[in-house]
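Listed below, chain by chain, are the residues.
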Amino acid sequence: MEAYLDNAATTRVSEAAARIMEQAMLVDYGNPSSLHTKGMDAERYIKEAKKQFASILKCEPSELTFTSGGTESNNMALIGAALANRRAGNHIITTQIEHASVYQPLLFLQELGFRISFIPVDSAGIIDIEALEREICDDTILVSVMYVNNEIGSVEPIREISERIRKKKADILFHVDAIQAFGKFKLHPEKDGIDLLSASGHKIHGPKGSGFLYIKNRTKIKPILHGGGQERGLRSGTENVPAIAGFACAAAELYAKLEENREHLFLLKQRLAERLQKMEGVRLHGIPAEGIRATAPHIVSAGFQGVRSEVLLHALEEKGVYASSGSACSSNHPDISGTLSAIGTTREFLDATLRFSFSVHTTEEEIEYAASQIEILLPVLRKFSRKR
């Protein structure tokens, strides 16, 4: 049997998305910037996709810019907004648990002279809002907070953060990395006080190489790619029409059954969590006092005492169970998760943690199989580790 539990890394493309991509590649393959019929046919996919995403986000189609994925969206949001608003200040605030596609651009901006503040989080990965509020000053121009942490599944109180920011300094831009949230949560940027929001296609059964950045109307932002002036000059380069079409199709499928999908994911998460908690020397990360329902429905992060994550990862792989050891987010310790360090994970679990993540296609049988294999492997691997 096979159990693919690495859906936070990437998902299988939906059949409907694959079909529309094939149509766009083999039939409607024109350049969307061309003025002839083939070009207009291709452009139609882009317009329809923007309408689809605008409907999901309750925004205007003109507020959406298509990108090559989450990394480009985050880079465009952070670098573009920082450079465009530099005269207003040079201070940016973020958290200690951001994805590398936020963390690294901010380090780049730091080299350019911007001052970056990294706000701590609690043991469940939730930002210290009081600390964030204290950091806001006259020079603060941008705050960036991820909606869902990609390693432990913590969900940040985005609307409350936005409200606190506005009360302290109304003109600060608020960027949200929603790459792990899009497709699992209702996202309404205007209602939630978000100026910039990043999303990625391959996390939600769309193709790799697809993403978008929501940019609230009248938000000052500079392009980071220059050339042909596509996407209203914000993102030059011929649009990846098949990927855009596939991304929109996958998003429409998920949001048509959002609550049903969430219930399915939470059922899987609860089942795996219960099985893991019964095992000796296993600790779940990122679960707040409010319980599992206060976290993202598709991610379980678990530490396994006495077994290195890489060893358990490959042992499970041999049994057909695919998981992840998480992201390497610390520049000083490239093999240790910055997120796990930030939430105060004890040393014995820092290099002994795996992330299991699900999709709408994940079955209860896969969860049971994976849990059973972990149960069998743990004592064997621990015995081997002690001998070494």
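Residues numbered from 1 in each chain as written. Predicted model: local features only at pLDDT ≥ 70, side-chain atom pairs only at ≥ 80, totals over all residues. Heavy atoms only, no water.

Participant: What exactly am I supposed to notice about the overall build of the protein here?
Facilitator: Regarding its fold elements, the protein presents 13 helices and twelve strands. Whereas a compact globule of 388 residues would reach a radius of gyration of roughly 21 Å, the protein reaches 21 Å, a difference of no more than 12%. Overall, the C-alpha framework of the protein stretches about 65 × 55 × 35 Å when taken along its three principal axes. Across the 388 residues of the protein, 57% fall into the buried class. Contacts spanning at least 24 positions in sequence make up 74% of the contacts within the protein whose residues lie at least 6 apart. Accessible area for the protein stands at about 17000 Å²; split by element, carbon and sulfur atoms hold 49% of it. Of the side-chain charges in the protein, 46 are positive and 49 negative, and the distance between the mean point of each set is 1 Å. (Helix = DSSP H or I, 4+ residues; strand = E, 2+ residues; numbered from the N terminus. Rg over C-alpha atoms; globule rule 2.2 N^0.38 Å. Buried < 20%, exposed > 50% of the residue type's maximum accessible area, 1.4 Å probe, protein only. Contact = heavy atoms within 4.5 Å. Areas by Shrake-Rupley, 256 points an atom, 1.4 Å probe, with all protein chains shown as cover. Lys, Arg positive; Asp, Glu negative; His and termini not counted. Charge placed at Lys NZ, Arg CZ, Asp CG, Glu CD.)

Participant: Sorry if this is basic, but what is going on with the pattern of salt bridges here?
Facilitator: Scanning the model with the defined rule gives 18 salt bridges in all. Where glutamate 263 meets arginine 293, a salt bridge forms, and the shortest distance between an N and an O atom there is 2.9 Å. Placement of the pair is glutamate 263 in helix H9 (residues 258-277) and arginine 293 in the loop between strand E9 (282-285) and strand E10 (299-304), with a sequence separation of 30 residues. Take arginine 293: its relative accessible area is 51%, and that puts it in the exposed class. Among the salt bridges present, the one from glutamate 368 reaches arginine 275, with a minimum N-O distance of 2.5 Å. (Salt bridge = Lys/Arg side-chain N within 4 Å of Asp/Glu carboxyl O.)

Participant: How should the sheet that holds E10 be read in this particular structure?
Facilitator: Strands pair in a sheet through their backbones, by hydrogen bonds, and they do so in one of two ways: parallel or antiparallel. Taken in spatial order, the three strands make up an open sheet running E9-E10-E12, and their pairing is antiparallel. Unpaired on one side and paired on the other, E9 and strand E12 (353-357) mark the two borders of the sheet. Between one strand and the next, the sheet's axes are offset by a mean angle of 30°, whatever the strand orientation. By the bridge criterion, four bridges tie E9 to E10 in an arrangement that is antiparallel. Bridged to leucine 284 within E10 is alanine 302. With respect to the sheet, H9 is in contact with E9, E10 and E12, its orientation differing from that of E10 by roughly 10°. Docked against the sheet, helix H10 (residues 309-318) engages E10 and E12, running at close to 40° with respect to E12. (Pairing = 2+ DSSP bridges. Axes fitted to C-alpha atoms, helices over the stretch in contact; angles between N-to-C directions.)

Participant: Before we go on, may I ask you to explain a nonpolar patch on the surface in this structure?
Facilitator: Among the surface-exposed residues, Met25, Leu26 and Val27 lie close enough to one another that they form a single nonpolar patch of about 280 Å² accessible area. Checked against the element boundaries, leucine 26 lands in helix H1 (residues 15-26). Residue class for leucine 26 comes out exposed when judged on its relative accessible area of 58%. (Patch = residues over 30% accessible without salt bridge, like charges linked within 9 Å, V, L, I, M, F, W, Y side chains within 5 Å.)

Participant: Is there a simple way to explain the packing of H1 against helix H8 (residues 241-256) in this structure?
Facilitator: Two quantities define a packed helix pair, namely the angle between the helix axes and the distance between the axes. Two numbers describe how H1 lies on H8: the axes approach to 8 Å, and their chain directions differ by 155°. By the angle class used here, H1 and H8 are roughly antiparallel. The interaxial crossing formed by H1 with H8 has right-handed handedness. Note on element contacts: H8 touches H1 through Val241, Pro242, Ala243, Ala245, Gly246, Cys249, Ala250 and Glu253, opposite Ala16, Ala17, Ile20, Met21, Ala24 and Met25. Partitioning the contact of H1 with H8 into residue classes produces twelve nonpolar, one polar and one charged. (Parallel < 35°, antiparallel > 145°, perpendicular 65-115°, else oblique. Left-handed = near helix turned anticlockwise from the far one by under 90°. Nonpolar A, V, L, I, M, F, W, Y, C, P; charged D, E, K, R; others polar.)

Participant: Even after reading the chapter, I still don't get unusual backbone geometry, so can you show me in this structure?
Facilitator: Apart from glycine, the bulk of residues carry a negative phi angle, and the bulk of peptide bonds sit in the trans form. Backbone geometry at lysine 58 places phi at a positive 60°, although glycine is not the residue there. Looking at the secondary structure, you find lysine 58 in the loop between helix H2 (37-57) and strand E2 (64-67). A positive phi angle is found at histidine 205, which is not glycine, with a value near 75°. Relative to the elements of secondary structure, histidine 205 occurs in the loop between strand E7 (196-200) and strand E8 (211-215).

Participant: Teacher, can you tell me more about the nonpolar core here?
Facilitator: As a rule of thumb, soluble globular proteins bury nonpolar side chains together. Within the largest apolar cluster, 51 residues are counted, with the highest numbers of intra-cluster contacts made by Phe53, Leu132, Tyr147, Phe174, Phe182, Leu187 and Phe212. Residues within four places of tyrosine 147 in sequence aside, it is in contact with Ser154, Val155, Glu156, Ile158, Val176, Asp177, Ala178, Ala181, Phe185, Lys186 and Leu187. Counting 33 residues, the second largest nonpolar core, distinct from the first, contains Ala3, Val282, Val307 and Ala370. (Core = buried A, V, L, I, M, F, W, Y, C linked by side-chain atoms within 4.5 Å.)

Participant: Please explain the sheet that holds E7 as it appears in this structure.
Facilitator: On the basis of which strands lie adjacent, the open sheet formed by seven strands has the order E2-E8-E7-E6-E5-E3-E4 and mixed pairing. Each edge of the open sheet carries a strand with a single partner, namely E2 and strand E4 (115-119). The average angle at which neighbouring strand axes cross in this sheet is 20°, direction not considered. Across five bridges, the pairing between E7 and E8 is antiparallel.

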